[in-house]
Every structure is written in structure tokens, then in C-alpha cells.
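Per-entry structural report
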Amino acid sequence: MQILARQINVLDYALSSLWRRRMKNLSVLLVFTAVIFLVASFQMTTGALTRTAERVLENAPQITLQRMSAGRQVDIPPEYAARLSSIYGISRIVPRVWGYYFDEVTGANLTVMGLATDRMPMGDQLHLALASGSFPGPGSRGSVVLGRAVNDMVQARGSHLLSLFRNDLSMASFEISGVFADATDILTRDLVVMNIDDARDLFRIRGDRATDLCVYVTNPNEINTIARKIADLLPDTRVVTRPQILKTYRVVFGWRSGFGSICLLTALTAFIILAWDKASGLSQEEKREIAILKVLGWQTADILAVRFWESLLVSGISFLVGVTLAFIHVAFFDAALFRPIMVGWSVIFPPFHLVPEMTAQVVLLIFCLSVLPYLAATVIPAWHTASVPADSALSGA
Amino acid sequence: MLLDVWSLALIVCSTVVAFLMVFAGRSALRVLRFWNPASDDNRQIRLENEIWLTSTLVEYGLGVQIISLVVFVLAADHFAGSIPGAMCATGALLADPRGMPTLLIKLAGVFLYGFWLLLHQLDIRSEHYPLVRVKYIYLLLLLPFLALDIGLQMSYLAGLRPDIITSCCAVVFDSSSGGGPLLLRAPQVPVLQLFYATVLLLAGLAVFLLRRRRITAAIAYSLGWCWFFGLAMVAIITVFSSYIYNMPFHKCPFCILKPQYHFIGFLLYGTLIPATFFGITPVLVEPFRHRPGLAGPIAIYRTAALKISLFLLLVFTALASFPYLRYMLTGGES
């Protein structure tokens, strides 16, 4: 109890001491808050983007199969799907045709996807992702479902048909049967979904070939085993699994955030030098104050304790304010400062909201990157202050 | 993985510890060279002031070292997200041969820095400063240890690549099939019997030592704690952890640190590690009791350490047994 009472008294003194030198402390507080804000924003943006990628990938096929020739992706013939039927544990194999279409008028790249909706798992529930209209049925040709940005482009031309050019510049026109809801923007904004045969016709893909095969597995724990079996059976294919894509995203975001943090470390270093400098510069008045305390019976350890509490208060307040501001920046302004570094860029870019995650791990991480170096940088100047001999300061006054 | 933000946090922690300890080492050299308790000149007064600086620096260093241990385990857990095969910290630590040694060195660091602070606290309680030389030589010996810690950690982080394939904890600690590097085949019942027998023995010894002082009993108590630390780890891995996870085949000392298990691991290790420290150290400071002015402080410390270690032992046993007993009492097993 005695120790606690002593620390509370020391804390009380530290607070009054901070208030007496408020202008000096305020400048440190402001700069430190700014540094913590930058570090925390960066962390939260990375976390939120990783989470968004995970959410998006939840609905991706568990295994995607692409045929490679001379190091490039080529069309995959239907026999490949037939050869996989010997592998136990595959629930279904769905062919998919997709590609990019460059729209010369707007300069935008559209993603065209041909689906065999009748063969997809939950293919009959695809209409739930639409804001209006319906999905073209399995046999119906000549109609498409558009992402919102593509639909806006078509509407701006005053047309009710989407006209695309084949390789030989002959035109293919499609009726718009539905538009995707804005909740799916991150995936569908630049998307044109059509019947798989229409897509084959548009891209001039022969027969019943596809660009890739989506393999769905009954037991998710077996994804890697089945992927290995597929790779053994079809050596000229590239087998991409969903966990692999997720790990790649994590590595990329981790790398980018590490790189960004290194840039921010320079700001941190500059701040640490400022903090060291501010803590070292001892005015005549401060020297006298310490001398009086020592004459009153304070020990070096007591003055060190006061300085420790001061540092802890300054860093604690900066930490709380900086992290709160960073949360607001990411949650309400979608990390406007850092988004260009972390995400890509294109003519049609999906607007998406970031949801920052405040876990104990993130808080600890930000704490280690900001508060610890500050505490370390102020300890030696604090000791210099505390070891001012009582007599010299008083006699100099 | 040097460019990952968790690696950066670890590097920042290491830099901070190195900075603090190098400053402490510099003042240790000065103290060892010029310390003269008989003199009262300016230099001696300055050196007496510097003792405060070193102790503050080592206190900060210990704090950062404890944080860095936690960050290291959490970082390994984070790396598991990008290493094929890894599901938690176990996989990430085994993905590189320097992972586990780094963890053990960091753990040892907490004990070693803690012991320095203990020596310091005893030293300043005597007006003769009788342990100055001992503690500063010890401080200088800590510096190569710290360099080893930082070197191992850096080479672990640099060697960790996302294309290494490793094993998850379910494979490593599996007792039913062959082959993990940390395979523990210890059967559950003997481990539990040994665990509770040791708890009773340690508690009995502590109560005995609080009433009567016997050096042999004190040595037995310290050795008992060394044995119990290892045994407790084995018991956590082979028995207690699977009751926390509610899964008979999930045995892992790291997954209990995760939020889905209410961070119970931090409580377990947060009681076991200090309990072991206070259990072992009374005997280690015993040889210094004949130095001037130290008999009193050492006797006070001995009693306090016994009480603290006994209390933490009981808390740890209760925490570790709770999920096991809950499972037994709610009818999980007849």
C-alpha cells in the first residue's frame, strides 16, 4: 500500500510538472501523435485489406486448374476434366471461360466471364447477388449480367444493348438481363457475365474448350492432397489452391506494409531525436527545481520515477489519440492517405469500405513500434536531469 | 521475412534492448575500473549516481525483453499465415532451425535480467554496496548473451521464407503416430500423477521452509522448481492443452495464447515463469549473505520469494487444472 501511495504522489507531481511546461510538452505530444497516427493507420489498412481479400476469396473455387504450354496459359480441352474423375473426393468440376476486353471508347478493361451456371454449386442462387433483373438461364444465349460500372457505361451511350467486338472485328450484341448489387462491387464492378458458349464465341475459343477448370472438393481438409494428385495426373497444368492464393495475399500485404513501415521508421527516428533533444535541454529553472527537490530529501530514484511517469503519460496520451485518429482515418475515410500504396489502380476501380480491426496484437505492434523507442530515448536524458547535484544549481541561481 | 512488420517490431525491440544494455555496459566498465567505496571524491559520487542509471536501464531492458518474448511468439503465429503447412507458432518456429533456440534464449533472458535486478535490489539495501563488482561483472557477461539473442533472432527472421514447407502443431505434438521433432510420447496418467505429486511436494517444502530454515531443504526446493518447470511444460503439452481446446488430438503449447481460448496461455505462462524465478533464486543469492549488510535483506527476500512462489504455484495449478476438472465434473469422462 505504501508503494502504491508513493507512486500516486509521484504521478501527481509528474502531472503538475507536465502542466507547468505545457508548451514544450505539447509540441512533443503533437509530433508523437502524428507519428503514431501514421504507423497505426498503415497497420490497420493492411489488416483491413487482408481481411477483405479473405472475405472475397471465401467464394472462390477451392482449386483452379490452368493448362500451360511454353510457359503461357492456353485453352484446356474437356478431356482433362474427364481424366480427373478417377480422383476420389472431388465433388464437381466446372469449366469457365474468362478474359479481358479492352473498351476503346472509355479506355477501360472489362472482365468477361462465361459461366455454366447449371453446373456450379449454388448456381441457382446467383440471382441473390443482383440488384435488378435475373441471371440468364442455362440454355439462353445473347443476354448478359453487368457490373454497375459497365452498366453505367452502356446507359451513358443511351443504349440497351452491350455491343462487343470479336477478334475479327465482327460485332456481338447482348441484351442486358440484370445488374449486380453494389454490395458485390469489389468483385463485380467491371464484370460482364454471360453464357459460357457466348464467351467462347466472343473470344473465338474452339469447341467446348475452356480457359480454366474450377474444381470443388467435398472435404476442405483434403484440398492440398487432391491438388497434388491433380498435378501428378496432369503434369502440364498449373494447379492453384484457395489457401495458396490467400497466403500469397498475406505475403504481399505483409511485404508492402513492412516496406511502408520502414519508410515510416525514418519519421520515427527523426521524432526520437527530437524527443531526446527536448528531454536533454535543461533550463536554469528546471535545474533549480531539481536542486530544491534534492535539498528537500528527494533521491535520484524519485526524480527518475517522476521522469518515467512523464514519459509514460506523454506517450500514453499520444498513443490513445494517435490510434483513435488512425481508426477514424481507416474506418470513415477509407485510409485515403495510404490506399494508393497498398491497392492497385485502373479506370474502373471498385470502391470498397475498409473495416479496421482493433485486436490486442495490433495494439501491441503499434506500441512496440512507437512507445518503446520513445521510452528508451528519454531514459538517459532523464537520468542526466536527475543527477544534477543540489548545490551547483542553487549556487548558480 | 525481414520486411514483415512483425519482424520490424522485433528488430525495434532488439535495438532498444541493445541500446539500453550497451549504455549500461559502458557505465559498468567505469564502475569496475574506478569504484572505491573508501573515497568520497567527485568521481565516486558520480559513480554512485551512475548505479541508478544502470539499474534503470536494466529495468527498462527487462521490460522490453518480456514484451519482445510475447511479440516473438505472436510474430511466429502471424508468420504461420504465410508459411505452407503452419497453423500456429509451432510451424513457424520449426520452419527454420533457429526458431526454437531463439525462443529459448529469449526465455532465458527474462530469468537472467531478472536475476541482475534482484542482485541490484539486494545491493542497494546495504549502505556498503557489497555486490557492486559481482553485479557489474555479471552485467558485462550478459552483453555477449544479448548479442547471441539478437544474432539468432535476425538470422531466424532472414531465413524464414514463405516457400518453406513445415508441419502444424497437430503433427509435431501428435502422440499417436510417429515422427515429429518435438514428439512427446509421455502417457497422460503418469504425467498427471507426477505433476500433482510435485505440486504437493513443493507446497510442503515451502511451508516447511517458512517455519524452519534448512539449507538442504532450500536446495531441494530450488532443484524441485527446475524439475517442475520442465514437467509443467510437458503436462501443458500432453494433458492440459487438449482440455483447453476440447479436442483430444490437439496438443500445442502455443495455441492456448490465442484469443479464441481467452488468452489463458498468457495467464499460465505469466504465473509459471515468475513462480519458477522466485522458486529458484533464494538459493542462488544465499552465498552472498555473509557480505556486509546483506544478511537482513537476503532473509527478507527469502521469505518473500517463498510466499510468492507458493502463491503462484497454487494459482498456476488451479488455472491449469480448471479445464481438466471442468471436463471431468461435467461428465465428459466417467
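Residues numbered from 1 in each chain as written. Chains lettered and ligands numbered in written order. Predicted model: local features only at pLDDT ≥ 70, side-chain atom pairs only at ≥ 80, totals over all residues. Heavy atoms only, no water.

This next bit is on the overall build of chain A. The number of helices and strands found in chain A is 13 helices and 11 strands. In terms of overall dimensions, chain A is more spread out than a globule: its C-alpha atoms have a radius of gyration of 31 Å, far above the 21 Å expected for 397 residues. If one aligns the C-alpha atoms of chain A with their principal axes, the spans along those axes are about 100 × 50 × 40 Å. Going through the 397 residues of chain A one by one, you find that 48% of them count as buried. Considering only residue pairs separated by 6 or more positions, chain A has 80% of its internal contacts joining residues 24 or more positions apart. (Helix = DSSP H or I, 4+ residues; strand = E, 2+ residues; numbered from the N terminus. Rg over C-alpha atoms; globule rule 2.2 N^0.38 Å. Buried < 20%, exposed > 50% of the residue type's maximum accessible area, 1.4 Å probe, protein only. Contact = heavy atoms within 4.5 Å.)

All names here are of chain A. Evaluated as defined, the whole model comprises 31 aromatic pairs over all chains. Taken together, a centroid distance of 5.7 Å and an interplanar angle of 25° make the contact between Phe271 and Tyr374 stacked. Note that Phe271 is positioned in helix α8 (residues 242-280) and Tyr374 in helix α12 (residues 360-386), a separation of 103 residues in sequence. For the pair Phe271 and Tyr374, one class covers both residues: buried. (Phe/Tyr/Trp six-rings, centres within 6.5 Å; stacked < 30°, edge-to-face > 60°.)

Right, let's get into the environment of Val97 of chain A. All names here are of chain A. With respect to the helices, strands and loops of the structure, Val97 is situated in strand β3 (residues 90-103). The spatial distance from the C-alpha of Val97 to the C-alpha of Leu369 is 47 Å, given a sequence separation of 272 residues. Those residues within four positions of Val97 in sequence are excluded, and the remaining contacts are Val112, Met113, Gly114, Ile196, Ala199, Arg200, Phe203, Ile205, Arg209, Ala210 and Thr211.

Another point: α8 of chain A. Each turn of an α-helix holds 3.6 residues, which means side chains three or four residues apart point in the same direction. Helix length check: α8 of chain A, at 39 residues, gives a terminal C-alpha distance of 55 Å against a target of 57 Å (1.5 Å per residue), a fit within 8%. Helix geometry: α8 of chain A is bent most strongly at Cys263 of chain A, by close to 25°. (Expected span 1.5 Å × (residues − 1). Bend = angle between axes of the 7 residues up to and from the residue.)

As a further point, take the pattern of salt bridges. All names here are of chain A. Evaluated as defined, the whole model comprises 24 salt bridges over all chains. Ionic pairing is found between Glu289 and Arg20, a salt bridge with its closest N-O pair at 3.2 Å. Of this pair, Glu289 sits in helix α9 (residues 284-295) while Arg20 sits in helix α1 (residues 2-20), placing them 269 residues apart in sequence. In this structure Glu289 comes out as buried when scored by relative accessible area, which is 17%. Salt-bridge contacts for Asp236 lead to Arg67; the nearest nitrogen and oxygen are separated by 3.4 Å. Of this pair, Asp236 sits in the loop between α7 (223-233) and β11 (237-241) while Arg67 sits in strand β1 (residues 63-69); the two residues are 169 residues apart in sequence, bridging distant segments of the chain. (Salt bridge = Lys/Arg side-chain N within 4 Å of Asp/Glu carboxyl O.)

Okay, the domain arrangement of chain A next. Partitioning chain A into structural domains gives domain 1 (2-56 + 248-396) and domain 2 (90-217). Using only C-alpha atoms to locate each centre, domain 1 of chain A and domain 2 of chain A end up separated by 51 Å. (Domains from an automatic or database assignment.)

The next thing to look at is the packing of helix α9 (residues 264-285) of chain B against helix α10 (residues 295-329) of chain B. All names here are of chain B. Look at α9 against α10: their axes get within 8 Å of each other, and the N-to-C directions meet at 150°. By the criterion of interaxial angle, the relationship of α9 to α10 is roughly antiparallel. Handedness of the crossing formed by α9 with α10: left-handed. Its residues assigned to classes, the contact of α9 with α10 comprises 20 nonpolar, four polar and one charged. (Axes fitted to C-alpha atoms, helices over the stretch in contact; angles between N-to-C directions. Parallel < 35°, antiparallel > 145°, perpendicular 65-115°, else oblique. Left-handed = near helix turned anticlockwise from the far one by under 90°. Nonpolar A, V, L, I, M, F, W, Y, C, P; charged D, E, K, R; others polar.)

Let us look at the side chain of Ser315 of chain A. Residue and element names in this part refer to chain A. When you line up the elements, Ser315 lands in helix α10 (residues 300-333). Residue classification places Ser315 among the buried residues on the basis of a relative accessible area of 1%. Here the side chain of Ser315 touches Ser311 through a polar contact of 2.7 Å, landing on its backbone oxygen. Here Leu312 takes part through its backbone oxygen, which lies 3.3 Å from a polar atom of the side chain of Ser315. (Polar contact = N/O pair within 3.5 Å; in protein donor to acceptor, adjacent residues only side chain to side chain.)

A few words now on the confidence of the model for chain B. All names here are of chain B. Per-residue confidence for chain B gives a mean pLDDT of 86, with 93% of residues at or over 70. Mean pLDDT across the elements of chain B bottoms out in helix α6 (residues 169-172) (68) and peaks in α9 (93). Here residues 177-183 scores under 50 on pLDDT; set against residues more than four positions off or in separate chains, the count is 12 contacts. (pLDDT = per-residue confidence, 0-100.)

Looking now at the pairing of strand β8 (residues 171-180) of chain A. Residues and elements named next belong to chain A. Here strand β5 (residues 130-133) runs beside β8; their pairing, made up of three bridges, is antiparallel. Pairing of Gly133 across the sheet is with Gly178, part of β8. Pairing between strand β7 (residues 161-165) and β8: five bridges, direction antiparallel. Counted as the bridge partner of Leu161 is Glu175 from β8. Taking the residues that link successive antiparallel strands as the turn, the β7-β8 hairpin has five residues, and the phi of Leu169 there is positive, at about 70°. (Pairing = 2+ DSSP bridges.)

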